[in-house]
Amino acid sequence: MLHFITQEFVDLGQFFKRNGRETVIVTAATLFLTLDRYRPIGSEWVSTTLYYGIFPLLVVFIILRKSPGDFGLGMGSPRLWWFPTALICLVAGGILFAASFSADLQGYYRDAGFNFITYSLTSCASLAASEFLYRGFLLFGLKDKFHEGSILLQMIPFVLMHLGKPELETVSTIVTGILFGYVCYRGKSFWPAFIIHLFINVFFVSLINFRYPV
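Attention here is on the structure that accompanies the text. Positions within a chain are numbered from 1, following the residues in the order the chain's sequence is written. Residue-level local features of this predicted model are given only where pLDDT is at least 70; pairs of side-chain atoms are given and counted only at 80 or more, and the full residue set underlies all totals for whole chains, interfaces and linings. In computing side-chain properties, one takes all heavy atoms of the structure into account and sets aside hydrogens as well as water.

A run of DSSP states H or I qualifies as a helix once it reaches four residues; a run of E qualifies as a strand once it reaches two. Both are numbered from the N-terminal end. From N to C terminus, the protein includes 10 helices and zero strands. Burial status follows relative accessibility: with a 1.4 Å probe on protein chains alone, a residue under 20% of its type maximum counts as buried, one over 50% as exposed, and anything between as partly exposed. For the protein, the proportion of its 214 residues judged to be buried stands at 42%. Long-range contacts, defined here as pairs at least 24 residues apart, represent 76% of the contacts in the protein between residues at least 6 apart. As displayed, the protein offers around 11900 Å² of accessible surface, 70% of which is attributable to carbon and sulfur atoms. In the protein, 16 side chains carry a positive charge and 13 a negative one; their mean positions are 7 Å apart. Contacts were defined at the residue level, with two residues in contact if any of their heavy atoms lie within 4.5 Å. Areas reported here follow the Shrake-Rupley algorithm with a probe of radius 1.4 Å; residue values treat only the protein chains shown as occluding. Two residue types count as positive, namely Lys and Arg, and two as negative, namely Asp and Glu; His and chain ends fall outside the count. Lysine's charge is taken at NZ, arginine's at CZ, aspartate's at CG and glutamate's at CD.

Below, the structure written as structure tokens:
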């Protein structure tokens, strides 16, 4: 029995040794997502910036001892991602216009205190951080082990964090999560997803609040 228990600990140690980088990345990302939900720091955009952006970067620097460029923070290969990014934004604009007629989405995003400048600036900060967590820290952090499979893996927490939002939006994140991940993976940068996501959020929320003011 003692030998069996000892062997189990040895095997567990070997598992962590073989998957040390991936263990750090997945554990840290899961911890930050959880803490942001239960222990937010300041306003929503400040908390998101810290938990999704600053803290993962500290993990990259201090624990993994890597360059942020290895995690998609650089521009990558713009010639591979600028056209898909522009095309996705163009198509998304039409889809979002049609979606703006949804009563559920109107009810969720209409805001009596909506201010375009304030919303755009806070969205820019929070989305830069959240996109780095999904399409930078997770996507490129898991790339060496899982290759293209990292596109699918980063999609899962992205979808789960949309639970509680309108059903149509949450279901759509399955597709957009994979699409964002693919463009970023191919372009070697998280910036395409940030640009697309920022366009979607600012365009749609502004459209809702300008067309259907409270």
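Looking now at the packing of aromatic side chains. Between 30 and 60 degrees the pair is tilted, below 30 it is stacked and above 60 it is edge-to-face, where a pair is any two Phe, Tyr or Trp rings, Trp via its six-membered ring, whose centres lie within 6.5 Å. Tallied over the full model, the rule gives 17 aromatic pairs. When the ring of Phe199 is compared with that of Phe203, the centres are 5.3 Å apart and the planes differ by 15°; the resulting orientation is stacked. With Phe199 and Phe203 both in helix H10 (residues 191-211), this residue pair falls four residues apart, about one helical turn. Arg135 extends its terminal NZ or CZ atom over the ring of Phe158, reaching a point 4.2 Å from the ring centre. Cation placement over rings: the criterion is NZ of Lys or CZ of Arg within 6 Å of the ring centroid and within 35° of the ring normal.

Turning to the pattern of salt bridges, a few remarks are in order. Salt bridge, as used here, is a side-chain nitrogen of Lys or Arg placed within 4 Å of a carboxyl oxygen of Asp or Glu. Within this structure, the stated rule accounts for two salt bridges. Between Arg135 and Glu131 there is a salt bridge; the shortest N-O distance is 2.7 Å. Note that Arg135 and Glu131 are positioned in helix H6 (residues 116-141) at a spacing of four residues, about one turn of the helix. The closest approach of N and O atoms between Glu169 and Lys165, which form a salt bridge, is 3.8 Å. Since its relative accessible area comes to 31%, Lys165 is described here as partly exposed.

Ranked by size, the top nonpolar core spans 25 residues in total, and within it Ile25, Tyr52, Phe71, Leu133, Tyr134 and Phe137 carry the most contacts. At the level of elements, helix H2 (20-38), helix H3 (44-63), H6 and H10 are the ones that each hand at least two residues to this core. If one sorts the elements of this core by residue count, H6 sits on top with seven residues. Among all residues touching Ile25, those that are not within four sequence positions of it are Leu64, Phe71, Phe137, Leu138, Gly141 and Leu142. Residues belong to one nonpolar core when they are buried, are Ala, Val, Leu, Ile, Met, Phe, Trp, Tyr or Cys, and are joined through side-chain atoms within 4.5 Å. Of all hydrophobic cores here, the second largest spans 22 residues; its members include Trp81, Cys89, Ala99 and Ala193.

Here we take up a nonpolar patch on the surface. On the surface, a cluster of nonpolar side chains totalling about 780 Å² of accessible area is made up of Met1, Phe4, Ile5, Phe9, Leu12, Phe15 and Phe16. Tracing the sequence through the fold places Met1 in the segment before helix H1 (2-18). The patch calculation keeps residues exceeding 30% relative accessible area without a salt bridge and links them within 9 Å when they carry like charges or within 5 Å when they are nonpolar (Val, Leu, Ile, Met, Phe, Trp, Tyr).

Before going further, it helps to spend a moment on the environment of Glu44. Tracing the backbone shows Glu44 in helix H3. A relative accessible area of 69% places Glu44 in the exposed class. Between the C-alpha atom of Glu44 and that of Thr122, which follows or precedes it by 78 residues, the distance is 9.0 Å.

Within the sequence span of helix H8 (residues 149-160), burial applies to Ser150, Ile151, Gln154, Met155, Pro157, Phe158 and Val159. Lining the buried residues of H8 we find H2, H6, helix H7 (143-146), helix H9 (167-187) and H10.

What follows is about the packing of helix H4 (residues 78-99) against H9. An axis is simply a line fitted to the C-alpha atoms; with a helix, the fit covers only the stretch in contact. Between two such axes, the angle follows the N-to-C directions and lies from 0 to 180 degrees. Contact geometry for H4 and H9: axes closest at 8 Å, N-to-C directions at 160°. By the angle between their axes, H4 is roughly antiparallel relative to H9. By crossing handedness, the relation of H4 to H9 is classed as left-handed. Contacts from Leu80, Trp81, Pro84, Thr85 and Ile88 in H4 reach Leu179, Val183, Arg186 and Gly187 in H9. Amino acid classes used here: Ala, Val, Leu, Ile, Met, Phe, Trp, Tyr, Cys and Pro are nonpolar; Asp, Glu, Lys and Arg are charged; the rest, including Gly, are polar. A breakdown of the residues in the contact of H4 with H9 according to their chemical character gives six nonpolar, two polar and one charged. The labels follow the angle: roughly parallel below 35 degrees, roughly antiparallel above 145, roughly perpendicular from 65 to 115, and oblique for the rest. The crossing is said to be left-handed when, going from far helix to near helix, the turn is anticlockwise and less than a right angle, and right-handed when the turn is clockwise.

Another aspect to go through is the side chain of Ser150. In this structure, Ser150 sits in helix H8. Classification of Ser150 as buried rests on a relative accessible area of 0%. With sequence-adjacent residues up to four places away left out, Ser150 is seen in contact with Leu139, Leu142, Lys143 and Tyr185.

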